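For reference, the chains in residue letters:
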Amino acid sequence: MSLNTSRQQIDQIDQQLLALFTQRMDVVAEITRIKATEGLPTLDRGREQEKLQALAEQVRPELAPYAHILYDTLFELSRRYQRAGWEQDSGLYATIQTAIQDTPNLFPPSATVACQGVEGAYSEQAARRLFQRPSIQYVKSFDSVFSAIENGFCDYGVLPLENSTAGSVNKVYSLMQSRDCYIARSVRLKVDHNLVAPAGVKQADIREIFSHEQAISQCGAFLESFGPHVKITRCENTAAAEAVANSGRDDVAAICAHSCVELYNLTCLARDIQDRHNNYTRFICISRKLEIYPGADRTSMMLTLPHQPGALYKALARFYALGINLNKLESRPLPDRDFEFMFYFDLETSVYSEEFAVLLDSMDEICREFKYLGSYSEVL
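Residues numbered from 1 in each chain as written. Predicted model: local features only at pLDDT ≥ 70, side-chain atom pairs only at ≥ 80, totals over all residues. Heavy atoms only, no water.

(A) Molecular detail of the sheet that holds strand 9 (residues 252–256). Pairing is mixed across the open sheet formed by 5 strands, whose spatial order is 8-7-9-6-10. Two strands close off the open sheet at either side, each with one partner strand: strand 8 (231–234) and strand 10 (266–270). Strand-to-strand, the axes of this sheet are offset by a mean angle of 30°, without reference to chain direction. Inspection of the sheet shows strand 6 (residues 194–198) paired to strand 10 by 4 bridges, in the antiparallel sense. Directly across from Val-196, in strand 10, lies its bridge partner Cys-268. (Pairing = 2+ DSSP bridges. Helix = DSSP H or I, 4+ residues; strand = E, 2+ residues; numbered from the N terminus. Axes fitted to C-alpha atoms, helices over the stretch in contact; angles between N-to-C directions.)

Structure, rendered in structure tokens:
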């Protein structure tokens, strides 16, 4: 048998498969009508598992895994077709539509904003990129930023989420999972670290350097040049310059933004000391109420998937099938559960698209727990 003959046979089989696929989906549409009339759910997982097992037993053993994948995908397509025919929006999607209608057309130029740290911190710079005239309230910790929003002391909070050199800010991810706030906007801020000290202090005099752990990790190569005789002390924020300025010592320095030099009457001993010059930190702006401003084209969510083979694949396959681009995927273990992980996703999709509606309407099928963090745009 020639290659062309085999290809012709494949084409004939594909035509038969498509005809049977169309016939099957017509029956799915009828099942949809019956389920809608009787108020039955789209997903019948017990029947699906029985069918998968039975179908796998009807083919040769070496084909059983492939048959399982084929029909698992076919069942998922059938559920999606049922939902499209049912035209029933999820409660979350309805909430999002209400938020779109209730949110003003313009992001507020001024607001009361909570930032972790003190004046001169990078969070302050991010807040001033997001708002034209922010009234900034400084708090001691990331947790306090969430509390300020939840208790109504501030309208918004600004928090670092990830850095292009040092990676994610784990504490903020954990708080996003446990606290009730939404992302309203984000901004990418170029971060240039500087070594600063009180007037008269020289680099050879330094015996201790203060900064936030993120800044320290972003300047690893520079700090290694000091050798073991210099102590690296981690503190709450990159505005450690204030503590250095008030220390009364002549052997300390801080890693911070250059704006702190004039602000705290310090001397800059070295500029741009970060390991990579394309060093960016992404900050998020959170609010207590869900706000979705025009142009929202990014959505963040957290999923807890079943601890079973193929769980993450099914989630990713859903995004792929809907043509939704994935900007970020990160996993982190759940502290109170063995071998279970929470997955954080940043999706590039318009909040107004049909694909977004279909995705939200089917999240209960692919995950055990789901937390929607917001739809927003990013300031570049």
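So much for the structure itself; the text now carries on.
(B) Highlighting the side chain of Ser-300. Mapped onto the elements, Ser-300 comes out in strand 12 (residues 298–304). Residue Ser-300 is classed as buried on the basis of its relative accessible area, which comes to 0%. Of the polar contacts made by the side chain of Ser-300, one reaches the side chain of Tyr-344; its length is 3.1 Å. At a separation of 2.7 Å, a polar atom in the side chain of Ser-300 contacts the side chain of Tyr-376. Setting aside its immediate chain neighbours within four residues, Ser-300 contacts Ile-183, Tyr-344, Phe-345, Asp-346, Tyr-372, Leu-373, Gly-374 and Tyr-376. (Buried < 20%, exposed > 50% of the residue type's maximum accessible area, 1.4 Å probe, protein only. Polar contact = N/O pair within 3.5 Å; in protein donor to acceptor, adjacent residues only side chain to side chain. Contact = heavy atoms within 4.5 Å.)

(C) A look at the sheet that holds strand 14 (residues 341–348). Read from one edge to the other, the open sheet built from 4 strands follows the order 13-14-12-15, with strand pairing classed as antiparallel. Only two strands of the sheet have a single partner each, and these edge strands are strand 13 (325–333) and strand 15 (369–376). Sheet twist, expressed as the average angle between the axes of neighbouring strands with direction ignored, equals 15°. As paired elements, strand 13 and strand 14 share 8 bridges and run antiparallel to each other. Of the residues in strand 14, the one forming a bridge with Arg-332 is Met-342. In the packing of helix 13 (residues 354–361) onto the sheet, the strands contacted are strand 12, strand 14 and strand 15, and the crossing angle to strand 15 comes to about 160°.

(D) Summary view of the packing of aromatic side chains. Under the defined criterion, the tally for this structure stands at 8 aromatic pairs. Both rings, one in Phe-107 and one in Phe-131, keep their centres 5.1 Å apart while their planes meet at 35°; by these two values the pair is tilted. Highlighted residues: Phe-107 in the loop between helix 4 (91–102) and strand 1 (110–116) and Phe-131 in the loop between helix 5 (122–130) and strand 2 (133–139), separated in sequence by 24 residues. When its relative accessible area of 12% is taken as the criterion, Phe-107 is described as buried. Here the aromatic rings of Phe-107 and Tyr-293 are separated by 5.0 Å at their centres, their planes lie at 70°, and the arrangement is edge-to-face. A residue pair is termed long-range when its members are at least 10 positions apart, and Phe-107 in the loop between helix 4 and strand 1 and Tyr-293 in the loop between strand 11 (280–287) and strand 12 qualify at 186 residues. (Phe/Tyr/Trp six-rings, centres within 6.5 Å; stacked < 30°, edge-to-face > 60°.)

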